[in-house]
Every structure is written in C-alpha cells, then in structure tokens.
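Structure assessment
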Amino acid sequence: MASILSLRDVEKSFGAVTVADQLSYDVAAGEALGVVGPNGAGKTSMFNLITGTLKPDSGDIAFEGRMITSTSAAARCRAGIARSFQIPQPFGGMSVFENLLVAATQGAREPARRANALCLDVLEQTGLMAKANALAGSLTLLERKRLELARALCAKPRLLLLDEIAGGLTQHECEALVGTITDIRSTGVSIVWIEHVVHALLAVVDRLIVLDFGRKIADGDPHDTMASREVQEVYIGIEADA
Amino acid sequence: MEWVNAIVQGVLLGGLYALFAAGLSLIFGVMRLVNIAHGDLIVLAAYLGLTTTIALGVHPLTSLMIAVPAMAAIGYVLQRGVLNRTLGDDILPPLLVTFGLSVIIQNGLLEIYTADSQKMNAGAIETASLEVTGGISLGVLPLIMFATAVAVIAGLQLVFYRTALGRAFRATSDNQDIAQLMGLNKAHVFGLAMALSLAVVGIAGVFLGIRTSFDPAIGPGRLIFGFEAVIIGGLGNLWGTLAGGIILGVSQNIGAQIHPGWQTLAGHLAFLFVLAVRPRGLFPRIEG
C-alpha cells in the first residue's frame, strides 16, 4: 500500500523542550494509526507539524508522495489534511452550520449547493442537526467536541487527524463515537488518532505508535504495543521490574 | 424651524461620516488593524475622482466608476505587499506603518497637486433641493449621499452575514489559526477585506470632494470623524457605525447652530460624552 503520510527525521524543539526527536513513520493509505504517550510527549505538536501550524527545525513531511514541509496550513487543508482539536476551537460567533460551511467551501472547495449538502450530511452523521443554527459559542463541551469532528469532516479530508475526541464521553457516547469513526474509515479516509481512552482507540486502529519526549519508542500491532515493556514503563508509568 | 433643519442636515451629513467610518470598522473587525492612513486614503480617493473628472471630462459621480475599483485594487496590493507583514501579536507595527503611510500619502499628494484647495463641481445637482415643508428643504446631493451610505452599510451587512466571503471574514476574525487550518488563506482574505474597505473609501472620497473643498492635509481630520463614528456606534456593528455617523453629524450641526465656531467642537464633545457614559459605544458587538 502506498503511504499517504510520511514523516522523515522530523525535529522540533522549543528551547530545551524537544517535541519531535528524529520522528519518522509512515501512514498507509486507508490505515488507522493510533498515537499514545504521556502528557507532554509531543503528540499534539506532531499534529501541528503535520497540519503546518508548526514548521519543523529539520526533517521532511510528505503527503500523498508530495513534499509539504514548507506548504502553508491552508494549502495542506485543501490538499486533504484536516484535524480536530483536543480543546475545541469553534468559530464562536458563527452558527454550527456556518462553521461547517467554512470548512466545506474553503477546505473542500465545494461550490455553494454541494457545500450545503455536504454540511447537512455531516450534521446528520455527527448528531448535530438539532444544533445547526445555534451559535457555536453556546454549545456544551460534548457538542463542541462533535463540532470539531464535524468541521474536520466537512473539509473532506483524505487524512483525518483526531486529537483526544473521546475524552470525557460516557460509555454509550464513546461507543457511538467509535461507530462514527469506523464509518469514516470505511469511506477510505486515513486516520491518525491521539487518544488516552485506550479501549476506544484499540477498537478502531490497525497500528499504534508510542511517543515519549518527542521520540517514537514503539510502533506496531496495537495490543502487542500496549503490552510492551517500553509502554508499560513510560506510558502507564509502572516500573517494569516491579 | 432652524433647529429642525440643523438636525435634518446633520443626519444627512452623518451618512458621509458613516462612509468614512465603515471601511475603518470593517478592517478593525476582520484583522484588528487600526488604519491611521484611512483619512489620507479618503483624500487620495477624492484626488483620484478629481483627476478622473478632469482627464475624462465626466461628471464627478461618474468618476466613482474609476475611483472605486482603483481604490479596491490599491487596497489589495497594499495589504498583501505591506500591511500583512506588519500583523502579528504586537499591535504597534501596523500603527507605525499606517502612520508612515499617512505621511507618505499626504506629501505625495502635496507634491503632485500642491496645497491649493480643490473641489469637484457636480453642476446643477449641487444646488437642487426638495422642499419638504416650510423652512426645511433637503438637498438632492446630500440625500444621494445619505442613501448611498445606507445602501453601502446594508450591502456590507449582507456580504458579512450572507456570503462565503463574509463567512471567511468572520472565521478569520474569530480565530486566524483555525481559519487557516480550514483552508482559508489569511493573506488573501485580509487583502480582500482591505480591498472592500478601500472601495468604500473610494465612494467616501469622491463624495467628500463633491461636498466640500479639500487639500492634501485634511486626511487626519476625516480619520478622526471616522473613528468617532465607529466608537460612538460600538465596535464591530455596522448599523451602529451609521448611527454613530448620524449622531456626530447632528451634534456638529447643532453646535454650529449655537455658534459657527462650535461645529467640530460639538462633535468631539458628543463623542467624549458617549465615551464617558458608554465606553464600548452605544451598540457594541465585539466582546471585550
């Protein structure tokens, strides 16, 4: 399978803090990759590097075979990369529907009528139809998280980056979310998903990487990786010898 | 009756002030840029109108067809070429650069057109008026200007809340970083916002040049009137800006009615009063 996303020796640090350290991996087209790691491991920074919010100090990032290391964030979105934020960041002064329309018309470059149809589909899919005309700033946290996912979907991504969207959900909501993400996957969208709610993650992803201090310390089958010694030590925080 | 007349004329004058202010308000709303050169750009537009009128031998109002697109083009190039580079976390660079721009425009105009006062002659329409009742008559030209101001404000409102471009403006204004992640090219969006702002400036400038005499040095004064209209109306509210312009125009005319020398002073006092009583303006929209 061809890789849709490829990171090669990506390095990024802020002063003494390294958020990406010789980071290299590939995401195959159609693959769902899970990312775990302790707080401050550089997971969200990695998304910022992929979407273009941050520029790497060195190393290269390629999307669908094209080098995008110095491409603008807007152009990367148009090329097919969209993300959700751990802390929802809606356009608070605009309605839910308008939030989606921005992504559909600007990110996905859809003409007006098709953009409307796309947004309606996504509202249905993410359960936000009843809130379509509500101001995004007035939504509850859960609804804002759904809006994060919905807005990313309206950009019609081929690579979807999800940043801790399962946090704070009830068991039932979490199952519904896993169902939604599985559906998205089945349409051929590749997914990179950062998540602390490991059981939700394991229900979807084919592969797992573990980050610590910006370094990739494990990469492989999700269950094997979670059970590995490195992960037990670093991520779960248990002494391996204990 | 003189007083009623002063108020009515003040309302009509307020339309022109709203035109001065609308572009300023739009730019601040979209990119938090305070354009110190705004008044000088209005004067530049007036000279553009004058040159067009003389060179092509057309009516001053017809010169709008040249001045408005020309100003819009200047706006886009100015934003992409200069102002975008000044925008960031620090609010000082855009202030300094637009201040510098103000000085450059004033001196450039002085060099080309000299310090002599100019005025565009709109012919018979300037003196035409409609008799409403006994002592009150409405000038056709002020009426046209006021109607245009209302139409411009309504048009901007429509663009902001009903079009993809407006959504792009509002999304970028709301959160620039997220807007870019949604595929919006910030530099281009800001360029379009400045183009729209200066298109309105084009109208305001030509109207100014028809209504009164002008010279290269009057820009900063128009900037102040524009600022006052924006602040009185409340930041981020276009209809509020129109109301602000009207309040300013009426105050000035009432001041002039009391004593001819009090015209400008009365406007400033009204502004000061609103600022003291309602520091965020009468109809604020932008939070914080």
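In the block above lies the structure referred to throughout.
In this text the structure is predicted, and so the values were computed from the model without any measurement.

1. Quick word on the packing of helix α3 (residues 64-81) of chain B against helix α8 (residues 186-211) of chain B
At a minimum axis distance of 7 Å, the contact between α3(B) and α8(B) shows a crossing angle of 145°. Where α3(B) crosses over α8(B), the handedness of that crossing is right-handed.

2. Digging into helix α1 (residues 43-51) of chain A
All names here are of chain A. Most of α1 is tucked away: nine of the nine residues are buried. Those residues of α1 that sit buried are Lys43, Thr44, Ser45, Met46, Phe47, Asn48, Leu49, Ile50 and Thr51. Just downstream of α1, glycine 52 is the residue with a positive phi angle, here 100°.

3. Comments concerning the packing of helix α1 (residues 2-31) of chain B against helix α5 (residues 140-162) of chain B
The angle between the axes and the distance between the axes are what describe a pair of packed helices. Residues and elements named next belong to chain B. Where α1 meets α5, the axes come as close as 7 Å, and the angle between the chain directions of the two elements is 30°. Overall, the two elements α1 and α5 adopt an arrangement that is roughly parallel. Of the two elements, α1 crosses α5, and the hand of that crossing is left-handed. Packed against α1, whose contacting residues are Leu12, Gly15, Leu16, Ala18, Leu19, Ala22 and Leu26, the element α5 presents Pro142, Leu143, Met145, Phe146, Ala149, Val150, Val152, Ile153 and Leu156 at the interface. In terms of residue class, the contact of α1 with α5 is made up of 15 nonpolar, one polar and no charged.

4. Structural notes on the interface of chain A and chain B
Often the size quoted for an interface is simply the accessible area lost on bringing the parts together. At the junction of the two partners, chain A supplies 22 residues and chain B supplies 15 residues. Listed by contribution, the elements that provide at least two residues to the side of chain A that touches chain B are α2 (73-79) and α3 (96-107) of chain A. The greatest single-element share of the side of chain A that touches chain B, amounting to seven residues, is contributed by α3(A). Class assignment of the residues belonging to the side of chain A that touches chain B gives a composition of 10 nonpolar, eight polar and four charged.

Rules used in this analysis
Residues numbered from 1 in each chain as written. Chains lettered and ligands numbered in written order. Predicted model: local features only at pLDDT ≥ 70, side-chain atom pairs only at ≥ 80, totals over all residues. Axes fitted to C-alpha atoms, helices over the stretch in contact; angles between N-to-C directions. Helix = DSSP H or I, 4+ residues; strand = E, 2+ residues; numbered from the N terminus. Left-handed = near helix turned anticlockwise from the far one by under 90°. Buried ≥ 20, exposed ≤ 12 C-beta atoms within 10 Å, placed from the backbone. Parallel < 35°, antiparallel > 145°, perpendicular 65-115°, else oblique. Contact = placed C-beta atoms within 7 Å. Nonpolar A, V, L, I, M, F, W, Y, C, P; charged D, E, K, R; others polar.

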